[in-house]
Amino acid sequence: MRRAGYDGVVLACPITVPYARHSARPAPWWIGRALDGVLRAAGMQKPQLDGFACSSFTLGTDSAVAITQHLGISPRWLDHVPMGGASGLVALRRAARAVQAGDADAVAVVAGDTNAPDSFRRLVSGFSRFSTDAVYPYGAGGPNLSFALITDAYMRRFGARREDFGRICVAQRANALAYPYALQKKPLGMADYLAARPIADPLVLFDCVMPCAGAEAFLVLREADARAARLRYVHLASAIERHNAFPEDDVQLRGGWAADAHELWAMAGTPADAVDIVETYDDYPVIVMLQFEGLGFCAPGEAPSFLRGKDLTCSGDMPHNTSGGQLSVGQAGAAGGHLGIVEAIRQLTGAALGVQVAKASSAVVSGFGMINYDRGLCSAAAVLTA
Amino acid sequence: MKVPPRRKKNPLAVTRLPLLPPAAPSRGALKLATLAGQGRFALPVCTACGAVSYPARDVCGACLGELAWRDVADGGTVLARTVLRASGDVYFRQRLPVRAGLVGMDAGPRTVAFLHEDAEPGTRVRLTLRLDKADQAVMLALPEGFAGEDALLHAHGCSLRDRRVLVTDARGSLGAAMAARAVAAGAREVFAGEAGTWTSREALGQSSLPEGVLPVPLDLTDERSVREFAAEFGGRVEIVINTAMAPRPGSVTEGDPTRLREAMELEVFGTARLARMLGTALRARGADGDYPACAWVQAVSADALAPSPGYGAHAAAQAAALSLALSLRAELRPIRVTTVFLGPLEDEWHQDVPPPKVAPRAFADAVAAALERGLEEIAVGDVARHLLERWREDPTLAIRETTHTS
């Protein structure tokens, strides 16, 4: 059966609760501040909000259910999306169908996480059964170990060089310098990148995101309602998700995008090279390359040479991770899986907080999440249009 | 990497704390560790399609079939490698850098493994499962055909070589053989406990202890003797081999009741006494340098698992001693507690037991080999091996089989 489009579904009210390296405020505070931001931006009162999707790693035993009572909301449509870097896009896909079918009129998609000095270690030590059993006992490197192995294999297979990864990090830092909420504000040059402290060969400090506290949120609703409320919005042109793609691959040198990208572009009615902005999930630059390849910007293994010919800054010919991405803004847990969507909404509605990409009318946002064992299991992407 | 030579400790240096690697294993990972502790390289295999699972699953990931643990091929090829130079974990921060990689196993799945320095992507490797300091199973990948000693193996074993070893009872045949074996294995010092030093070995018709063995007074049944030993040698012992065991015939109903009391005093209270007075000092040096305190070996009669007819009293004491050892396994970490199950010994107390019986020499060789690999449970002799195998399969049946035979 042919998938129905997302006609009439729009995204509005992009909210970022300014990030902090560490915070004493628990996750519900971050989620609550983000939801408050969405409601204010939408001009809505709590009782009018009938849909709520929540993602967080630091709620302890609580889920979206507990958050409804904590925040005093009574939605008739509720979702909890524990998919990390893919959570924003997965929540968006579900919310879009809910508002399209009328199960909800407006869904606030919220992700927020707190970060205490030791919380990242505690998170990764118990991240999943497979990782606790079979990865963490090998040096307790957390995701650094897994992504180091993927990066090592990618470099050997395709001849990528460290500079190729560095180019991504350096361009994102340039974008971040103008973005007010980025935690990393020091200019980064290629020489700095190459001389950085090694973390897990071949990864260096600037390949790794900095865990932090923060929240991101947006509203999914029907276009007619958005227009009536005089909100600036973007359309959801298409979206894909895939889990545990290509389990037969020895090393993850492609993500689930490779399985579904044709559908993404067919549904959007536009080819990859026609989009104005690319927001990838950048918890390590090698995964950015897998996204460029998987989404069809270039062939497998060709991202290094493809990106060598591109300027990834906001003023360049391929604006990428225009707020600086997680590599420069920080990784606020599950909010990292929403950051690209929020930034794309801002760019496409002419409301960028950093550098506004000129004449941007379409963006592809992609997400990646959950290193359960040796690879990220969730991949997702969406095309948004002004 | 070469095994680092034993160096004299800097007396001003702060002793490395005996931290444990992070471990929160699932039931499947506990099973993996249990089998690894027995020296096996076994993984869950699908009974329907034969697919091998790793990490341990509960259901076959290929066909959703049922799984059973089977020995599998241990070869593989390195797919990727890294050198971890930062870690959030305090145990590994003591040990950075850590060389690790992803290995494609010939058996099918992929595994993260600690890599030998010559294991690079593309290298054919042999995987070996070892218990880490938290008693969980970890994979080591060494180049195919690699033989000999290596720092990676050294760190994941409890080799006698260059270590200071206590054999608790050198008056017994097991202890005497063990002390000699420790010397032959290159132990740095071998303390041989001797109870009842008022009689000489000669007078008892025992051959003298080999060169390199230091006899020390130690009577596990005597509180003061153990305390004095611990005070003088407690800070030096790195491997304890407790051979204090006196198997004597005697049934529960008809045997001499003092036999049970004596056996309990020596084997149960004596073991507990030694653990109480030595355990803390042993643990405290569990990460001290390249030759830390590392193992406690407990010789246990297989009667502890299923009592042989006619040895009921001793079997009861041994069952209690085994239980103590199992508690010590948890209490003494990072010290490896190795239980060594023995069949009837080739000695004057088993005259009425037909062969096969265990020669002290065979015990000593088996202990040395088990320590080298850091194993946690072995059996010596055909009788014990046969029983242990059946006991692991079905303990109640093994007990019934044993007690119904006479």
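As a reminder, the structure under discussion sits directly above these lines.
Predicted model only: the values in this text are computed from it and were never measured.

Engineer: Which residues make up the pairing of strand β11 (residues 376-385) of chain A, and what values do they have?
Structural biologist: All names here are of chain A. Summarising burial for β11: 8 of the 10 residues are buried, a large majority. Examined bridge by bridge, strand β8 (residues 233-243) and β11 share 8 bridges and lie antiparallel to one another. Looking across to β11, one finds that L236 is bridged to L384. Note that strand β10 (residues 362-371) and β11 share 9 bridges and pair antiparallel. Considered in β11, the bridge of I371 is made with G376. With antiparallel pairing between neighbouring strands as the criterion, β10 and β11 make up a hairpin whose turn holds 4 residues.

Engineer: Which residues make up the packing of helix α9 (residues 382-393) of chain B against helix α10 (residues 395-403) of chain B, and what values do they have?
Structural biologist: Residue and element names in this part refer to chain B. Put simply, α9 and α10 touch, their axes get as near as 5 Å, and they point 140° apart. With respect to α10, the element α9 is oriented oblique. Between α9 and α10, the residues in contact are L387, R390, W391 and E393 and P395, A398, E401 and T402, respectively. Residue composition of the contact of α9 with α10, grouped by class: 4 nonpolar, 1 polar and 3 charged.

Engineer: Account for the interface of chain B and chain A, with residues named and values stated.
Structural biologist: Across the boundary between the two partners, chain B contributes 38 residues, which contact 32 residues of chain A. Summing the contributions of chain B and of chain A, the shared interface buries around 2900 Å²; its carbon and sulfur component is 58%. Interface area lost by chain B to chain A is led by P55, R110 and V112 of chain B, which between them contribute 21%. We note a salt bridge from D58 of chain B to R129 of chain A, for which the minimum N-O separation is 2.7 Å. The tally of links between chain B and chain A comes to 17 residue pairs in polar contact (both at pLDDT 80 or more). Where the side of chain B that touches chain A is concerned, the elements lending two or more residues are β3 (75-84), β4 (98-105), β5 (110-115) and β7 (137-143) of chain B. The element contributing the most residues to the side of chain B that touches chain A is β3 of chain B, with 6 residues.

Engineer: Please give an account of the sheet that holds strand β12 (residues 295-301) of chain B that cites residues and values.
Structural biologist: Residue and element names in this part refer to chain B. Across the sheet, which stays open at both edges, the 7 strands sit in the order β10-β9-β8-β11-β12-β13-β14 with parallel pairing between neighbours. The sheet is open, and its two borders are formed by β10 (213-217) and β14 (377-380), each paired with just one other strand. Strand-to-strand twist in this sheet, taken as the mean axis angle between neighbours without regard to direction, amounts to 20°. Against the sheet, helix α4 (residues 173-184) engages β8 (164-167), β9 (189-194), β10, β11 (239-242) and β13 (336-342), with an angle of about 170° to β8.

Engineer: For the packing of aromatic side chains, give the residues involved together with the corresponding values.
Structural biologist: Scanning the entire structure with this criterion turns up 18 aromatic pairs over all chains. Judged by centre distance (5.9 Å) and plane angle (40°), the rings of F57 of chain A and F127 of chain A are tilted. One end of the pair, F57 of chain A, is in the loop between β2 (51-55) and α2 (64-71); the other, F127 of chain A, is in the loop between α4 (119-125) and α5 (129-134), with 70 residues separating them in the sequence. On the basis of relative accessible area, F57 of chain A is assigned to the partly exposed category, the value being 26%. Judged by centre distance (5.4 Å) and plane angle (70°), the ring pair of F292 of chain A and F297 of chain A falls under edge-to-face. The burial state of F292 of chain A is the same as that of F297 of chain A; both residues are buried. Members of the aromatic cluster, each reached through a chain of ring pairs, are Y138 of chain A together with Y91, F92 and F114 of chain B. Just above the ring of W29 of chain A sits the side chain of R25 of chain A; from NZ or CZ to the centre is 4.5 Å. A cation over an aromatic ring shows up here: R248 of chain B above the ring of W349 of chain B, its NZ or CZ 3.9 Å from the ring centre.

Criteria and thresholds
Residues numbered from 1 in each chain as written. Chains lettered and ligands numbered in written order. Predicted model: local features only at pLDDT ≥ 70, side-chain atom pairs only at ≥ 80, totals over all residues. Heavy atoms only, no water. Buried < 20%, exposed > 50% of the residue type's maximum accessible area, 1.4 Å probe, protein only. Helix = DSSP H or I, 4+ residues; strand = E, 2+ residues; numbered from the N terminus. Pairing = 2+ DSSP bridges. Axes fitted to C-alpha atoms, helices over the stretch in contact; angles between N-to-C directions. Parallel < 35°, antiparallel > 145°, perpendicular 65-115°, else oblique. Contact = heavy atoms within 4.5 Å. Nonpolar A, V, L, I, M, F, W, Y, C, P; charged D, E, K, R; others polar. Buried area = accessible area lost by both parts, 1.4 Å probe. Salt bridge = Lys/Arg side-chain N within 4 Å of Asp/Glu carboxyl O. Polar contact = N/O pair within 3.5 Å; in protein donor to acceptor, adjacent residues only side chain to side chain. Phe/Tyr/Trp six-rings, centres within 6.5 Å; stacked < 30°, edge-to-face > 60°. Lys NZ or Arg CZ within 6 Å of the ring centre and 35° of its normal.

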